[in-house]
Amino acid sequence: MATSPETREKRNSANDIAVQTSRFGEIKVDSELIIRMTAPFPGFPESSRFIIIPHKKGSAFMWLQSLENPDLAFVVIQADHLNPDYTPDVPDLIKKELEIDQENQLEILLILTIPPGRPKEMTANLMGPVIINSGRRLARQLILDRGDFDPCWPVF
Amino acid sequence: MLILSRKEGEALIINDNISIKILESKNGQVKLGLEAPADVEILREEVYRRILEENKKAAQESPDDLSALEEILKEKKTED
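Definitions and cut-offs
Residues numbered from 1 in each chain as written. Chains lettered and ligands numbered in written order. Predicted model: local features only at pLDDT ≥ 70, side-chain atom pairs only at ≥ 80, totals over all residues. Helix = DSSP H or I, 4+ residues; strand = E, 2+ residues; numbered from the N terminus. Rg over C-alpha atoms; globule rule 2.2 N^0.38 Å. Contact = placed C-beta atoms within 7 Å. Pairing = 2+ DSSP bridges. Axes fitted to C-alpha atoms, helices over the stretch in contact; angles between N-to-C directions. Expected span 1.5 Å × (residues − 1). Buried ≥ 20, exposed ≤ 12 C-beta atoms within 10 Å, placed from the backbone. Arc of directions from axis to C-beta. Core = buried A, V, L, I, M, F, W, Y, C linked by C-beta atoms within 7 Å. Nonpolar A, V, L, I, M, F, W, Y, C, P; charged D, E, K, R; others polar. pLDDT = per-residue confidence, 0-100.

A.B. asks: How should the overall build of chain B be read in this particular structure?
C.D. replies: Of the regular secondary structure elements, chain B holds 2 helices and 3 strands. Its C-alpha radius of gyration of 22 Å places chain B more than 25% over the 12 Å reference for a compact globule of 80 residues. With the principal axes as the frame, chain B shows a C-alpha extent of 60 × 25 × 25 Å. Counted over contacts in chain B with a minimum sequence separation of 6, partners at least 24 positions apart contribute 0%.

A.B. asks: Teacher, can you tell me more about the sheet that holds strand β1 (residues 11-14) of chain B here?
C.D. replies: Hydrogen bonds between backbone groups are what pair the strands of a sheet, and the pairing can be parallel or antiparallel. Residue and element names in this part refer to chain B. As summarised here, the arrangement of the 3 strands in space is β1-β2-β3, forming an open sheet in which the pairing is antiparallel. Among the strands making up the open sheet, the edge pair consists of β1 and β3 (29-35). The sheet shows a mean angle of 20° between the axes of neighbouring strands, direction not considered. With 4 bridges connecting them, β1 and strand β2 (residues 18-26) associate as antiparallel partners. Residue pairing across strands places isoleucine 13 opposite serine 19, the latter belonging to β2.

A.B. asks: Any chance you could explain helix α1 (residues 45-61) of chain B here in plain terms?
C.D. replies: Each full turn of the α-helix corresponds to 3.6 residues, which orients residues three or four apart in the same direction. The end-to-end C-alpha distance of α1 of chain B is 24 Å, a good match for the 24 Å that 17 residues give at a rise of 1.5 Å each. Listing the buried residues of α1 of chain B in full gives Ile51, Glu54, Asn55, Ala58 and Ala59 of chain B. Seen from one end, α1 of chain B has its buried residues packed into an arc of 130°, which puts them on one side. Exposed residues pointing more than 90 degrees away from the buried face of α1 of chain B are listed as Glu45, Glu46 and Gln60 of chain B. Residues of α1 of chain B that are buried sit in contact with β6 (73-78) and β7 (106-113) of chain A.

A.B. asks: In this structure, what is going on with the nonpolar core? I would like to understand it.
C.D. replies: Nonpolar side chains in soluble globular proteins generally cluster together in the buried interior. Counting residues in hydrophobic clusters, the biggest one holds 41 residues, and the most contacted among them are Phe74, Val75, Val76, Leu110 and Leu112 of chain A. Counting only elements with at least two residues in this core, the list comes to β4 (49-54), β5 (61-66), β6, β7 and β9 (130-133) of chain A together with α1 and α2 (67-79) of chain B. Among the elements that take part in this core, β6 of chain A stands out by supplying 5 residues, more than any other. Residues in contact with phenylalanine 74 of chain A, not counting those within four places in the same chain, are Leu64 and Ile111 of chain A together with Ala58, Ala59 and Ser62 of chain B.

A.B. asks: Any chance you could explain the interface of chain B and chain A here in plain terms?
C.D. replies: Size of an interface, as often reported, equals the accessible area lost when the parts are brought together. The interface is formed by 26 residues belonging to chain B together with 30 residues belonging to chain A. Within the residue set of the side of chain B that touches chain A, elements represented by two or more residues are α1 and α2 of chain B. Per-element accounting of the side of chain B that touches chain A gives the leading share, 12 residues, to α1 of chain B. Tallied by class, the residues present in the side of chain B that touches chain A amount to 14 nonpolar, 2 polar and 10 charged.

A.B. asks: I keep staring at unusual backbone geometry and nothing clicks. Help me out?
C.D. replies: Keep in mind that most residues, glycine aside, have a negative phi and that most peptide bonds are trans. All names here are of chain B. In this structure, asparagine 15 is a non-glycine residue whose phi angle is positive, near 55°. Tracing the chain through its elements places asparagine 15 in the loop between β1 and β2. Note on asparagine 15: 8 C-beta atoms within 10 Å, which makes it exposed. Even without a glycine there, the phi angle at asparagine 27 is positive, about 50°. Within the secondary structure, asparagine 27 is located in the loop between β2 and β3.

A.B. asks: Any chance you could explain the environment of valine 130 of chain A here in plain terms?
C.D. replies: All names here are of chain A. If you trace the backbone, valine 130 turns up in strand β9. By the C-beta count within 10 Å, which is 22 here, valine 130 ends up buried. When the C-alpha positions of valine 130 and isoleucine 108 are compared, they lie 5.7 Å apart, and in sequence the two are 22 residues distant. Once residues within four sequence positions are removed from consideration, valine 130 is found in contact with Val76, Leu109, Ile111, Ala139 and Gln141.

A.B. asks: Would you mind showing me how to read the confidence of the model for chain B here?
C.D. replies: Reading predicted coordinates in detail is not appropriate for stretches of low pLDDT. Residues and elements named next belong to chain B. Per-residue confidence for chain B averages 90 on the pLDDT scale, and 98% of its residues sit at or above 70. Put simply, α2 is where chain B has its lowest mean pLDDT, 78, and β1 is where it has its highest, 97. Across the predicted assembly, pTM comes out at 0.86 and ipTM at 0.87.

A.B. asks: How do you make sense of the pairing of strand β10 (residues 138-141) of chain A when you look at a structure like this?
C.D. replies: For a regular strand, the rule is simple: side chains alternate between the two faces of the sheet. All names here are of chain A. Two elements, strand β3 (residues 35-37) and β10, share 2 bridges in a ladder whose sense is parallel. Residue pairing in the sheet places methionine 37 in a bridge with alanine 139 of β10. In the sheet, β9 pairs with β10 via 4 bridges, with the strands oriented antiparallel. By the bridge assignment for β10, isoleucine 131 is matched with arginine 140. Count of turn residues in the β9/β10 antiparallel hairpin: 4 residues, of which arginine 137 carries a positive phi of about 60°.

Structure, rendered in structure tokens:
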């Protein structure tokens with residue numbers, strides 16, 4: 001039975017928007033889950049909004065998919081899942097920018113670089129973690145100029 | 001590009017609220033003193049570029065399927 005446009009409309013939550021992506025095709029995104037970057041990722045000035053797509057239920061791996069650039073999707077993982085000893089100092093300025101007033105609002109994701117066909121050689125970028133305030137849906141990449149953080153930290 | 005010559009102790013002012021002072025210059029190295037509002041991010045260029053390049057690499061190389069990664073990470077967790 002053909003679905004009338006009205007029915008389709010009703011099925012979607014009022015907040016859903018359609019987003020084109022290279023990897024996942026057209027996806028429906030709840031606009032309340034969109035994460036806004038307070039500063040763009042170096043190299044990707046066009047992308048100011050992202051959505052987190054879990055690889056699958058219960059998986060540690062997630063995609064950070066750009067809403068502006070269909071091709072752009074980083075593989076990310078929660079930092080404490082990978083390396084519990086990793087506790088970069090988040091400057092007050094960044095906390096303010098992300099409207100973080102309690103430590104528990106702060107989430108740290110690491111971007112993974114995975115060489116094609118050689119997943120065991122994947123590295124995590126400890127020098128440029130992604131700091132997220134998931135409640136306020138604000139994020140930015142923190143660049144750690146001081147300290148000895150490896151941008152290509154071998155996961156294995 | 002604007003090119004200016006400065007001596008030790010001299011400074012530049014950008015936008016009323018950013019000052020860059022030449023503190024010392026010797027053996028081919030220049031020591032700078034920077035004063036800027038707290039919301040101005042100051043990074044060494046090579047650090048910024050390093051992050052930019054790693055971001056590009058991560059974006060280009062990300063695989064289509066993460067199932068293999070899932071397995072490898074499980075193995076690692078078991079080893080730990």
